[in-house]
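The lines below spell out each chain.
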Protein chains: 8
Amino acid sequence: MDVSALKELLENVAAGQVKTEDALEQLKKLPYENLDFASIDHHRSLRTGFPEVIYCPGKTPEQTGAIVQRMLDKNAVILASRAEAAHYEAIKAVAPHAVYFETARTVVVRQGEAPEPKGLIAVVTAGTSDIPVAEEAAVTAEAMDNRVLRVYDVGVAGVHRLLARLDEIRQAQVLIVVAGMEGALASVVGGLVDCPVIAVPTSVGYGANFGGLSALLAMLNSCANGVGVVNIDNGYGAACLASRINQRICK
Amino acid sequence: MDVSALKELLENVAAGQVKTEDALEQLKKLPYENLDFASIDHHRSLRTGFPEVIYCPGKTPEQTGAIVQRMLDKNAVILASRAEAAHYEAIKAVAPHAVYFETARTVVVRQGEAPEPKGLIAVVTAGTSDIPVAEEAAVTAEAMDNRVLRVYDVGVAGVHRLLARLDEIRQAQVLIVVAGMEGALASVVGGLVDCPVIAVPTSVGYGANFGGLSALLAMLNSCANGVGVVNIDNGYGAACLASRINQRICK
Amino acid sequence: MDVSALKELLENVAAGQVKTEDALEQLKKLPYENLDFASIDHHRSLRTGFPEVIYCPGKTPEQTGAIVQRMLDKNAVILASRAEAAHYEAIKAVAPHAVYFETARTVVVRQGEAPEPKGLIAVVTAGTSDIPVAEEAAVTAEAMDNRVLRVYDVGVAGVHRLLARLDEIRQAQVLIVVAGMEGALASVVGGLVDCPVIAVPTSVGYGANFGGLSALLAMLNSCANGVGVVNIDNGYGAACLASRINQRICK
Amino acid sequence: MDVSALKELLENVAAGQVKTEDALEQLKKLPYENLDFASIDHHRSLRTGFPEVIYCPGKTPEQTGAIVQRMLDKNAVILASRAEAAHYEAIKAVAPHAVYFETARTVVVRQGEAPEPKGLIAVVTAGTSDIPVAEEAAVTAEAMDNRVLRVYDVGVAGVHRLLARLDEIRQAQVLIVVAGMEGALASVVGGLVDCPVIAVPTSVGYGANFGGLSALLAMLNSCANGVGVVNIDNGYGAACLASRINQRICK
Amino acid sequence: MDVSALKELLENVAAGQVKTEDALEQLKKLPYENLDFASIDHHRSLRTGFPEVIYCPGKTPEQTGAIVQRMLDKNAVILASRAEAAHYEAIKAVAPHAVYFETARTVVVRQGEAPEPKGLIAVVTAGTSDIPVAEEAAVTAEAMDNRVLRVYDVGVAGVHRLLARLDEIRQAQVLIVVAGMEGALASVVGGLVDCPVIAVPTSVGYGANFGGLSALLAMLNSCANGVGVVNIDNGYGAACLASRINQRICK
Amino acid sequence: MDVSALKELLENVAAGQVKTEDALEQLKKLPYENLDFASIDHHRSLRTGFPEVIYCPGKTPEQTGAIVQRMLDKNAVILASRAEAAHYEAIKAVAPHAVYFETARTVVVRQGEAPEPKGLIAVVTAGTSDIPVAEEAAVTAEAMDNRVLRVYDVGVAGVHRLLARLDEIRQAQVLIVVAGMEGALASVVGGLVDCPVIAVPTSVGYGANFGGLSALLAMLNSCANGVGVVNIDNGYGAACLASRINQRICK
Amino acid sequence: MDVSALKELLENVAAGQVKTEDALEQLKKLPYENLDFASIDHHRSLRTGFPEVIYCPGKTPEQTGAIVQRMLDKNAVILASRAEAAHYEAIKAVAPHAVYFETARTVVVRQGEAPEPKGLIAVVTAGTSDIPVAEEAAVTAEAMDNRVLRVYDVGVAGVHRLLARLDEIRQAQVLIVVAGMEGALASVVGGLVDCPVIAVPTSVGYGANFGGLSALLAMLNSCANGVGVVNIDNGYGAACLASRINQRICK
Amino acid sequence: MDVSALKELLENVAAGQVKTEDALEQLKKLPYENLDFASIDHHRSLRTGFPEVIYCPGKTPEQTGAIVQRMLDKNAVILASRAEAAHYEAIKAVAPHAVYFETARTVVVRQGEAPEPKGLIAVVTAGTSDIPVAEEAAVTAEAMDNRVLRVYDVGVAGVHRLLARLDEIRQAQVLIVVAGMEGALASVVGGLVDCPVIAVPTSVGYGANFGGLSALLAMLNSCANGVGVVNIDNGYGAACLASRINQRICK
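The structure contained in this document is the topic of the report that follows. (Residues numbered from 1 in each chain as written. Chains lettered and ligands numbered in written order. Predicted model: local features only at pLDDT ≥ 70, side-chain atom pairs only at ≥ 80, totals over all residues. Heavy atoms only, no water.)

1. Focus: the sheet that holds strand E1 (residues 52–55) of chain A
All names here are of chain A. Strand order in the open sheet formed by four strands is E1-E2-E4-E3, with mixed pairing between adjacent strands. The open sheet has two edge strands with one neighbour each: E1 and strand E3 (99–101). Neighbour to neighbour, the strand axes of the sheet diverge by 20 degrees on average, direction disregarded. (Pairing = 2+ DSSP bridges. Helix = DSSP H or I, 4+ residues; strand = E, 2+ residues; numbered from the N terminus. Axes fitted to C-alpha atoms, helices over the stretch in contact; angles between N-to-C directions.)

Below, the structure written as structure tokens:
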């Protein structure tokens, strides 16, 4: 039952053409049966400030291109994550203004002018190998209209590098801390700032890092307050959470 | 918005006292806002044939007794699982006809006459140590008005014991196979019958059984067709699933 | 000892040519020694309604083709699971009417007319990436003469999509719920229906999904009643169990 | 080197009694040697809005009491987490206005008037067994001057219970979702709101929940956007993160 | 169908009172239906040389005593494993000649004279903490009529202690090597002898021994040839396997 | 110090040219310093009946060929395990009589006539996918001069297939049971025979078999007596242990 | 063959009473047969500077006392680790000068004057809950005649606390870093010093620390150079390694 | 604020151009804000005796070459670890004197004359498959100016091979023990020497070695004293720690 059908029903009730008892019966079944008339998806886009993302692995470039094409008229910004160059080519074919952020493995399709970015999300990494995940976070956050500061390669084995950039970092409303191996950066940073910290464990490392498990457990057990953790290598998820926070603060 | 309010709204629309546009606005918010008017919980009781269960661990006997008391007038059958003797005492105080199945650690409170049990669920165990979990399943299934056959201690290290009782087992509409250690019974039984098999791994064993993990993995990897697995030691859950199947078959 | 030998023995006993004591000795050894005279395999085919499946990984196309050829005269339906295109080619060479379901990675060889499908098994997925596993389940269930309803991409992050299709889903006798990542769909669906639910965890996801472990554990720990779990990505196994249930209900 | 010593050094430089070269040498060693003059701890209290917490396990009541006594004159609010009744008694002996939240296992010592609570943090649980962890979160968040809404027992096996309270939940600036077993609530809630969600897995359950691992993995793999996860049973940590977010939004 | 029934059937066939066709029909169903007439359990006792063992955990002393009583007339030797003193008391009440091996946590009830022990099984431990498991193995092996040599506390951190006793060890037909922690003894011993080695990992140790996992994995990955592994702390199982080997060799 | 040096020392002592005190000092250091004079390696070959094996993974064909060449004059039988065709080619170049067992991925180089094989080792598999591991065991055991019986594809989902071949299996002195997935075959077989059983878990399967972990745990937790376990897929190791046992029995 | 027997043999050779050939034969068997004449154990005591330690768990106080008594005349220092008060009482009864370090759960029995401690081992902890493990390390290291500096509660969530004490820490020849939860301290400290760092993960924490696994993995994956890890909670082992290093440096 | 700025500030204070109060304010912020003026990195190089290492995986040869070029003028020795031949080619293009150690997968670029190596680090392996990891350790240790002894293929399954080389091994100041599979070598060696032992588990093996977990756990649980463990396959890390120890001893 879509909105026009519902409207028609009510008009029929008003016109006396449908009895209230019959209308009541129809409406009782409504909650589970048909939610389509509520513009839930539209609300969702408005709410999150970011309509839709395409996760590329397991999709052919052609499929990816086709999905983008269907979305083009309904979404101001489309994001394709974990995109290979071939995915980008297929997207560019239907959306010539698409931009490929290679390190971030992310394609961004934006239609119209980008609004002024808000607030500040700092993306901090322990090492250089963590940068692809960090860039996924940074590019995603920027596509969601947040201002982003990148602070890379300030891992804890040389804590002075981190301290040297602390003033910059403290400007941010939210931090995204990206680290593999022992994942200690989240705890050290968490103790030096007072804003929310989103920790992203990465699979960087080898041996007993068990594909990112070492950093994941370290971050979950952080002795610092105010640290929330997302999945291993999930730069995109970290950006979503950071954006939700930053956008609320800067509303 | 309950049913009478909804009715009133429609009557007001019919009477021309509320405009259809305004009614539409109110109804749009309805699906997520207020589902109470739909008698969902009632439907649920009717559907599952079993209204409510109380999981006792973490609840004091007093709390358990109080919960039973609140339920007494709305439910034909109440079941308290993982119940200690003290839970039973507290329940008996408010429901004198409560019955305690000690091995099953289950209290059953039934009001009125029990209907004729339907179909047949066979509960099969590998060893004697698996019996408490099996009894939880059997007692629960009986409380749900299923006929139950117990076939205990027919583990695979003496496969003739199982074969000797195969004819009985094959009468069942559904099997619940309860086994710890290497959990092999589910596979052997699964290959000898053609009805659905619900496998319950138990934490029986020691060392590399890792609290039931060995049996759980074995059952998930069963080479036999038609085996579904529930959580370790979850006799109650197995009975729920078996009952859903048996009741449908024997409807 | 085959049937004719056994018959001969009995005739000799009847004829007084073999003493009952000697016959007794021979028969005592019988159970373990020779079960071939019992038409067990035939019973098995009849029972399960589905004679034989070929698991393709680790088999060359040639081997697969040869196996199909041997089976052709004894089985009405043959199913090759996890089949690559090359397996299909080899099968088609010996069974030209073979059909390849590419997404399901399954080849079905059916001889003669298919019987009218029975009952209804609904196959429900959380995301689009779960579809290959779901299709393996759906195609297998159809090959076993069950009617199948596909309800895809109704994951819990947009619960209204699921609710919108609930009426359809509730028509089914059995549900197969296919989900990766956090596997929550099984619990949500399990709470909305009263038929048996077979949960299939998939390896869809990355990082801390640990190859499907996250969905597997979630489904085993489901707070909903009536959920049985099969192995990760095991669409075939789910269909076998669902078919056993559906066929019994609709007998 | 404390502030007065530093001041003296500068005055000596100004007075020409210490050469700039010598002063330079002393200052070079400063960063790592002596950070005490910087009022870091004071800043920290101010920043986080919550000076100090005492984790009670492994501490005797006497030790706990002694720590509270030392803190009393420097901290407006002191919180003792995972406190037994005996810890509370010892604290009350030195701080008679201490309040014991038994379900939350938390003692709060507040000196002076509490400020008006800000914003809104909603604490949502799947089941009743999750309430102790939820209360730890709620009490902690209240002690940090946040307004808190409790929405308990709205687990996904009865999704209508959650939907019925969605309007309330959507008022919150931040959500804390507490769930054990399959931890699905975080994903379902995450898909229905647009504020940040902090997920707390609990050890509620048995068998293959492996002490909370099932809920933890589910939450880390949530298909919903905007979900950050803290350690198993870590209500306190969730409150810290939620408070950081809520306080920033409502500044 | 027991032996007398089968005999009767044959006699009826011989007497012409049952037709061979009808007898054939009855016999066809025999293999799975009724194996009782075959003296399988008797064979089993004869085969293994050791009729029955009672695993005490989860059984009350009374239950244990009752089981022993039932077994007394059919078994020459009864063994109760993981027995507490209370189990022993209950067994002694029905079998006064029972002997309690306290370190081995094993009760042995032997009726009549023990036969001369055969061959030689050496039980070797790494440390003194491994002795309870080793004694369970040794006492069990002795109850199964094997000669046993105990070589304790010859762990690899002092390899000379092992080498000093190598000549003795090399007399054995089978070795049982019992070790916790890093479980290295199995590999070192395995390289020095040419008889079969049965490795028993123990849960001795702490921290990253994970309840015996470290020793278990080490033994499974032994670089020495000829090592078979049993479950963690499973001295009984090691003795069963060693006895099977030793008894065959010395037959 | 080699034998001649030792001999010289003693002769010098006998001749009075070296003082006993000085000789004593030299000999004291001997045990750890120089064991070369003891023909340990020769003993080892004699003991195990099988001098040397080359594990091919990580070695180039050239390296493998070179190693074989060096061994040729000292060893009657050389075995190359996990060998690719290329390894075989390189070996054949230096040892033209080398034989490649493709399924077993094993090359055997035997010089001179093979002795009469002894005893009987039965190699039993659950499925056809387990055959490569089983063949590795069988070929290795044959190279060690044991008679081998192959009994393949008798998995527990069709227990009659196993029972049908039980008489053959019972002829063996030792069993090697090879199974993946739920690994139940070891328990079922272990309960039907009275000889030692060596269980080889295989990595056959998918999903929650976790690379063979499911079968490994099942076999370690076998409820049958007399089962020893080797590493996952370790057919070679199983054969070594089986050969040690069989050779002792048939000596 | 002890030293006197060996001497006698040589004298007999010298005297011409034993032929060199016969002596050679006897000596050939020597390496494995009898290493007792080599004063290995004495060397060991001298080497490690610490003769013997008694691990108390699993030992009764009486057993512990008896062991100490046997050791008293051969060892200058005896150490009982993981000792309860009752162990101490039993030790004091036989060695009245025994000292009980309660937090360290360690009893030290020293006979005669302690030598001047050498070098410097710094024991650093992240939190106060890590102190028992740290004290075990410190007391053990002191008993091994090393000078020890304790630097406690300098965890990374407040990195200034660590930096403030860096000068002290840098005096040490070896560091022992003790930390639970995320174990980040080892990495941060490792990057600030240039001496060897021994990291001790502790089981401090809860939930996803999995009994110390989180800290263990973090330390093994440390991005800092020069970090070696010991077992969870193994303060004793850390002290042994640290002492070996410190004693060599300060020799 | 760099050194010159600091100097200028002090000169301005001295000149009376900046007030001491204002200077004080600026200096207060200094510790965290600007550590650059402290020559930390230079100190670091001096301290560790080894300035910089490039971890090649994830870096293109071009990137690697570029990094080397930037480092060339500041570092006497540059090391590229886990380097492929292509990385070497790119490095050689900018540093023609670079040397590629193929087995060690390590490129060393040394400028000027190498100093005389100090002390002795022995690198000991269990098998030949462990040699690549061992060579990484050996080459790294040599690049850090340590003398290195290689003792390969002395695994515990033939303990005499180890004993035969014990005198050599005992010359070392530090041992690096490299072993996969059951990792027993660390314990055996640890019991035979009195110097510090650094254990490197390798991923050599298959099946239940779980990528090196078996050796890792064995080494962490070593019953020998004085063993520290580094990450799986981490030859580089072992060399760093060994070098720190050896350089201190031989200073």
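Having seen the structure, we can now continue with the description.
2. Some words on the relation of the copies chain E and chain F
With an RMSD of 0.1 Å, the fit of chain E onto chain F corresponds to turning through 180 degrees and sliding 0.0 Å along the axis. Accordingly, the operation relating the two chain copies is best matched by a two-fold axis. By residue overlap, the copies meet face to face through one surface: 100% of the interface positions of chain E are interface positions in chain F. (Least-squares fit on C-alpha atoms with pLDDT ≥ 70 in both. Contact = heavy atoms within 4.5 Å.)

3. Brief notes about the packing of helix H7 (residues 131–143) of chain C against helix H12 (residues 235–249) of chain C
The geometry of a pair of packed helices is captured by two quantities: the angle between their axes and the separation between those axes. Residue and element names in this part refer to chain C. Taken N-terminus to C-terminus, the directions of H7 and H12 make an angle of 35 degrees; their axes are 7 Å apart at the nearest point. Here H7 and H12 pass one another in a crossing that is right-handed. In contact with Val133, Glu136, Ala137, Thr140 and Ala141 of H7, H12 contributes Gly235, Tyr236 and Ala239. Looking at the contact of H7 with H12 residue by residue, the classes come out as five nonpolar, two polar and one charged. (Left-handed = near helix turned anticlockwise from the far one by under 90°. Nonpolar A, V, L, I, M, F, W, Y, C, P; charged D, E, K, R; others polar.)

4. As for the pairing of strand E4 (residues 106–110) of chain F
Residue and element names in this part refer to chain F. Among the five residues of E4, five are classified as buried, and the element is accordingly described as predominantly covered. Going residue by residue along E4, you find Thr106, Val108 and Arg110 tucked away on one face and Val107 and Val109 tucked away on the opposite face as well. Direction of pairing for strand E2 (residues 77–81) relative to E4: antiparallel, over a ladder of four bridges. Along E4, the bridge assignment pairs Ile78 with Val109. Direction of pairing for strand E3 (residues 99–101) relative to E4: antiparallel, over a ladder of three bridges. (Buried < 20%, exposed > 50% of the residue type's maximum accessible area, 1.4 Å probe, protein only.)

5. Quick word on the environment of B:Ile91
Residue and element names in this part refer to chain B. The residue Ile91 is located in helix H6 (residues 85–94) in this model. Taking the C-alpha atoms as reference points, Ile91 and Ile131, separated by 40 residues in sequence, lie 24 Å from one another. Not counting residues up to four positions away in its chain, the partners in contact with Ile91 are Thr64, Val68, Ala80, Ala98, Val107 and Val109.

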